[in-house]
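Each chain, written out:
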Amino acid sequence: MSSKTPAGIAYFEFGPTQGTPLVLIHGFPLSHAMWDAQIKALSTTHRVIAYDIRGFGASDVGTGQASIEFFVDDLMGVLDALKVDKAILCGLSMGGYIALRAVERHPERVERLILCDTRSEADSNEAKVKRAKAVQSIQKDGIEPFAKEFVKGVLAAKTLESKPEIVKILIHQISKNSVVGICGALIAMAARTDTTEALPKIKVPTLILVGEEDKLTPPDSARKMAGLIPQSKLEIIPGAAHMSNLENPDVFNAKIAGFLKA
Ligand code: MLT
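Let me begin by describing the structure that accompanies this report. The structure presented is a predicted model; accordingly, all values stated were derived computationally and were not measured. (Residues numbered from 1 in each chain as written. Predicted model: local features only at pLDDT ≥ 70, side-chain atom pairs only at ≥ 80, totals over all residues. Heavy atoms only, no water.)

### Overview of the pattern of salt bridges
Here is the rule we go by: In what follows, salt bridge is the name for a side-chain nitrogen of Lys or Arg lying within 4 Å of a carboxyl oxygen of Asp or Glu. Classification of residues uses two cut-offs on accessible area relative to the type maximum, computed with a 1.4 Å probe and protein chains only: under 20% is buried, over 50% is exposed, and between them is partly exposed.
Going through the model one piece at a time under the given rule, you end up with 17 salt bridges. Of the charged contacts in the structure, one is a salt bridge between E235 and K233, with a shortest N-O distance of 3.0 Å. By relative accessible area, which is 16% here, E235 ends up buried. In the salt-bridge network here, residues are joined through shared partners; they are E69, D73, R101, E104 and R105.

### Brief notes about the site of the ligand
Going by this rule: Think of it this way: one heavy atom of a residue within 4 Å of a molecule or strand is enough to make that residue near it. Whenever a nitrogen or oxygen atom comes within 3.5 Å of another N or O atom, the pair is scored as a polar contact, on the condition that within protein one atom can donate a hydrogen and the other can accept it, and that pairs from neighbouring residues in sequence are kept only if both atoms are in side chains. Every accessible area reported is derived by Shrake-Rupley at a probe size of 1.4 Å, with residue values counting cover from the shown protein chains alone.
In the vicinity of the ligand, the contacting residues are G27, F28, S93, M94, Y97, R131, F150, M189, L216 and H242. Take F28: an N or O atom from its main chain is 2.7 Å from an oxygen atom of the ligand. In this structure, H242 approaches the ligand through a side-chain N or O atom, which is 2.8 Å from an oxygen atom. Burial of the ligand by the protein chains amounts to 94% of its free accessible area of 270 Å².

### Examining unusual backbone geometry
The criterion, for reference: Only DSSP runs of H or I with at least four residues qualify as helices, and only runs of E with at least two residues qualify as strands; both kinds are numbered from the N terminus onward.
Cis rather than trans, the peptide bond between F28 and P29 has omega equal to -10 degrees. Turning to its location among the elements, P29 is positioned in the loop between strand 3 (22-25) and helix 1 (36-42). Not every positive phi belongs to a glycine, and S93 is a case in point at roughly 55 degrees. By secondary structure assignment, the location of S93 is in the loop between strand 5 (87-92) and helix 3 (94-105). In this structure, D117 takes a positive phi of about 40 degrees despite not being glycine. Relative to the elements of secondary structure, D117 occurs in the loop between strand 6 (110-116) and helix 4 (125-141).

### Remarks on the pairing of strand 7 (residues 206-211)
The side chains of a regular strand alternate, first on one face of the sheet and then on the other. The following threshold applies: Two strands are counted as paired when DSSP detects at least two bridges linking them. Orient the strands so they point away from the viewer; a crossover is then right-handed if the path from the first strand over the helix to the second runs clockwise.
Burial analysis of strand 7 places 6 of its 6 residues in the buried class, the great majority of the element. The two faces of strand 7 match: T206, I208 and V210 on one face and L207, L209 and G211 on the other face are all buried. In this structure, strand 7 lies alongside strand 8 (residues 232-237), joined through 6 bridges in parallel fashion. Following the sheet pairing, L207 is matched in strand 8 by K233. Chirality of the crossover, the property in question, places the unit of strand 7, helix 9 (residues 219-228) and strand 8 among those that are right-handed.

### Examining the nonpolar core
Stated precisely, the cut-off is as follows: Put simply, buried Ala, Val, Leu, Ile, Met, Phe, Trp, Tyr and Cys residues joined by side-chain atoms within 4.5 Å make one nonpolar core. Contacts are residue-level and defined by heavy atoms, with any inter-residue pair within 4.5 Å sufficient.
With 82 residues, the main nonpolar core has L22, F28, Y51, L89, M94, I114 and I256 as its most contacted residues. The contacts of M94, once residues within four sequence positions are left out, are H26, G27, F28, I53, F56, I68, F71, A185 and M189.

### Some words on the packing of aromatic side chains
Aromatic ring pairs: the centre-centre distance and the angle between the two ring planes describe each pair. This is how it is decided: Centres within 6.5 Å are what make two rings of Phe, Tyr or Trp a pair, Trp counting through its six-membered ring; a difference in plane orientation under 30 degrees is then read as stacked, over 60 as edge-to-face, and the rest as tilted. By the criterion adopted, a ring carries a charge over it if an Arg CZ or a Lys NZ lies within 6 Å of its centre and within 35 degrees of its normal.
Under the counting rule described, the total for this entry stands at 5 aromatic pairs. Here the aromatic rings of F28 and F146 are separated by 6.1 Å at their centres, their planes lie at 75 degrees, and the arrangement is edge-to-face. With a gap of 118 residues between them, F28 in the loop between strand 3 and helix 1 and F146 in helix 5 (residues 143-154) connect regions that are remote in the sequence. Between W35 and F252 the ring centres are 6.4 Å apart and the planes differ by 40 degrees, which places this aromatic pair in the tilted class. Of this pair, W35 sits in the loop between strand 3 and helix 1 while F252 sits in helix 11 (residues 249-261); the two residues are 217 residues apart in sequence, bridging distant segments of the chain. Here the two residues W35 and F252 agree in accessibility, since each one is buried. Ring pairs connect the aromatic residues F28, F56, F146 and F150, which therefore count as one cluster. Across the ring face of F259, the terminal group of R112 is positioned such that the distance to the ring centre comes to 5.0 Å. When the ring centre of Y97 is taken as origin, the NZ or CZ atom of R192, which lies over that ring, is 3.7 Å away.

Worth remembering: the numbers are spatial, not functional.
Next comes the structure, spelled out in structure tokens:
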């Protein structure tokens, strides 16, 4: 079932209607649909909520002037709309940036944390310049050429070769989003805070997942977070790069199911 918060954020509920929900926060520049395999597997036993970040999927884009701060406000809006006091936050990449800032700003709303293919460090100067160039090229040439390059950079070589359906799914999801939404998120990621100093203050059990071949948010960044978050466990997902939930859903889902049960 889909609903919208008063701020225009579309959210979707699956599985049991009671209990602490697992809230799935998607990566850039996708939508909640990237979690299809997780929703199917995990909602048989757990309450699952997925939502579209502002500017993506069925959510409103607003002014297009985006910030990770506003994305955290929107996440809290989803929890408020559902009258959820505490949730298990699970974010992949940009979703992880949102989850990390959410636990820093609102620790009382987080019961557990799952950080997938993400990092606490802010963008380097080089990465900020790359984002600015991406905004210019999307505004000039449209989303498709960007989507094709993006997909090449986030999937393992083996996935690109042997799972063309994943490439298709990603391109399809990306091309459904708007230029304004995608460019807004690029600027938001470039301007995000560094959450590294807040990691030792995370007091909840935390699972960190990373694809063994992730080049964007590599295993070394995940190891660094695991070293700083007191109650954390790091799991490396084999046969996957940055989109570990899509590239190896069986192992990814099993790690989350085990963590939820523990
Ligand atoms: C994502 O997968 O959400 C983004 O690629 C993350 C990023 O560009 O920093």
